[in-house]
Amino acid sequence: MSKIEMVDLRSQYHKYKGEIDAAVMQAMDDCQYIGGPEVGQFASNLADYLSVEHVIPCANGTDALQLALMALDLNPGDEVITSPFTFVATAEVIALLGLKPVFVDVEIGTYNIDVSKIADAITEKTKVILPVHLFGQAASMEAIMNLADEHGLYVVEDIAQSLGAEVYFKGDNRQAGTVGHIGCTSFFPSKNLGCFGDGGACFTNNAGLAAKMKMISSHGSRKRYFYDITGINSRLDTLQAAILKVKLPYLKDFIRTRQNVAGIYDALLMHLKDISVPERAVDSSHTFNQYTIRVKNGQRDALKTYLQENGIPSRIYYPLSLHQQKAFEAFCPGILLPVAEQLCKEVLSLPIHTEMKKEEAELVGKSIIAFFEKTKHKP
Ligand SMILES: *Cc1c(COP(=O)(O)O)cnc(C)c1O
């Protein structure tokens, strides 16, 4: 067995190398490195995949969030409700735009924003709810949309980790990121659909918001050298689009492999009393960008070390909640978010990727079982 990796980009590339290399060579040969035809083609294919009207490609997932928030005409000091248990980008763009991140605690089982706590956080300044669909499955969109409708708020979905997840919404299956007003994703190499560098996209069914995001992503201009508003420069480059266009048809296969690995982990680990396996939301499929367990009784770090000694990598996403970070503490002095804080002490993400073999997942699972056997027998 080869070395177990958290993410195996090399094996995935080798599997599709013929197609990817041909697409890249073609794009290089065409010399339209910015705004080449592949960018529009990929955007259109992704729109079909998601059944959404508009896809606006951009430079990365962080920019996608920024474009979305800039398109909403918010005022300095307006509040954006989001999760504290996420990658920093989510809160970073809120703060950068002079808005205020308002952190609402998460659920212990799914790690997503706890919708039962959102209403209490809504004030006169609240303009947006920005749920993060963490580790591969969506937050409870029906409850979030109901709250947003009731209070006249926008919903921007951060689906950087959950592209391809299916959301059960008002009797229909929808793609994650197409339920709220705007969805934002990332094509960072380790995400569900990764390119060979940075990339991202926004999606929406609202033509006005689509036009606004497109304009902002291109320096605020609709017509070249004429600027209506202050924008940014955020483009998906042609080479990345060419690669993504090749990989998109395999997204379903990528997700299926991840789900199979998760199933193997579940079967091996769900009976261990010191561990909680990731809970499935009732209204979303899980694409398992991460398989993240909770390790109880302060044993997380010892387990991580044990796995490492046995050649098995693991990661802590995330070691410190955003409301506790120096960069954000001024927005929420003294706030306690006990679930997020507990998760930071207990979570451990196990290796999972699109090329992972059954035997590899079994080895990881059995090593975890062995760790708890060993600690149990200690005098
Ligand atoms: C990766 C990620 C982002 C940012 O994407 P980049 O392409 O790295 O800018 C934003 N939000 C979440 C939840 C992410 O995981």
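Computed from a predicted structure; not experimentally measured. (Residues numbered from 1 in each chain as written. Predicted model: local features only at pLDDT ≥ 70, side-chain atom pairs only at ≥ 80, totals over all residues. Heavy atoms only, no water.)

J.: Lay out the packing of aromatic side chains in plain terms, naming residues and giving numbers.
T.: Throughout the structure, instances matching the rule amount to 15 aromatic pairs. Each ring, one from Phe103 and one from Phe328, has its centre 6.3 Å from the other, and the planes form 80 degrees; the classification is edge-to-face. With Phe103 in strand E3 (residues 100–103) and Phe328 in the loop between helix H9 (300–309) and helix H10 (338–346), this pair connects stretches of sequence that are 225 residues apart. In terms of burial, Phe103 and Phe328 fall into one category: buried. Relative to Tyr318, the ring of Phe135 lies with its centre 6.4 Å away and its plane at 15 degrees, an arrangement referred to as stacked. Separated by 183 residues along the polypeptide, Phe135 in the loop between strand E4 (126–130) and helix H5 (141–151) and Tyr318 in the loop between H9 and H10 bring together distant segments of the chain. Like Tyr318, Phe135 is buried. Ring-pair connections join several aromatic residues into one group, and the members of that group are Phe85, Tyr111, Phe135, Tyr317 and Tyr318. The positively charged end of Lys223 is found above the aromatic ring belonging to Phe226, 4.4 Å away from the centroid. (Phe/Tyr/Trp six-rings, centres within 6.5 Å; stacked < 30°, edge-to-face > 60°. Helix = DSSP H or I, 4+ residues; strand = E, 2+ residues; numbered from the N terminus. Buried < 20%, exposed > 50% of the residue type's maximum accessible area, 1.4 Å probe, protein only. Lys NZ or Arg CZ within 6 Å of the ring centre and 35° of its normal.)

J.: Summarise the domain arrangement of the protein; cite the residues concerned and give the values.
T.: The domain boundaries assigned to the protein delineate domain 1 (9–249) and domain 2 (251–376). Computed from C-alpha atoms alone, the centre-to-centre distance between domain 1 and domain 2 is 25 Å. With 48 residues of domain 1 at the interface, the matching set in domain 2 holds 39 residues. Of the roughly 3,700 Å² buried at the junction of domain 1 and domain 2 (both faces included), carbon and sulfur atoms supply 60%. At the surface where domain 1 touches domain 2, the tally comes to 1 salt bridge. A salt bridge links Lys15 to Glu355; its shortest N-O distance comes to 3.4 Å. Considering every element that reaches the side of domain 1 that touches domain 2, the biggest residue donor is helix H1 (residues 9–30), with 4 residues. (Domains from an automatic or database assignment. Contact = heavy atoms within 4.5 Å. Buried area = accessible area lost by both parts, 1.4 Å probe. Salt bridge = Lys/Arg side-chain N within 4 Å of Asp/Glu carboxyl O.)

J.: If you had to explain the environment of Ala302 to someone new, which residues and values would you point to?
T.: Checked against the element boundaries, Ala302 lands in helix H9. Here the alpha-carbon distance between Ala302 and Phe371, two residues 69 residues apart in the chain, equals 9.0 Å.

J.: Tell me about the pairing of E4, and name the residues and values.
T.: With 4 of its 5 residues buried, E4 lies for the most part within the structure. By the bridge criterion, 2 bridges tie E4 to strand E5 (residues 154–158) in an arrangement that is parallel. The partner of Ile129 across the bridge, within E5, is Val155. The β-α-β motif built from E4, the intervening H5 and the parallel element E5 has right-handed crossover chirality. (Pairing = 2+ DSSP bridges. Right-handed = clockwise from strand over helix to strand, strands pointing away.)

J.: Describe the sheet that holds E4, listing the residues and the values that go with them.
T.: Sheet architecture is open: 7 strands sit in the order E1-E9-E8-E5-E4-E2-E3, paired in mixed fashion. Two strands close off the open sheet at either side, each with one partner strand: strand E1 (54–58) and E3. For this sheet the average axis-to-axis angle between neighbouring strands, irrespective of direction, equals 25 degrees. Where helix H6 (residues 207–217) meets the sheet, its contacts fall on E1, strand E8 (182–186) and strand E9 (200–204), and the angle it forms with E1 comes to roughly 15 degrees. (Axes fitted to C-alpha atoms, helices over the stretch in contact; angles between N-to-C directions.)

J.: Which residues make up the sheet that holds strand E13 (residues 291–295), and what values go with them?
T.: Taking strand neighbours across the sheet as the criterion, the 3 strands line up as E12-E13-E14 in an open arrangement whose pairing is antiparallel. Edge positions in the sheet fall to strand E12 (275–276) and strand E14 (347–350), since each of these pairs with one other strand and no more. Two strands pair when backbone bridges link them, and E13 and E14 are joined in this way by 4 bridges, in the antiparallel orientation. By the bridge assignment, Arg294 is partnered in E14 with Val347. Across the sheet, H9 touches E13 and E14, and the angle it forms with E14 is around 25 degrees.

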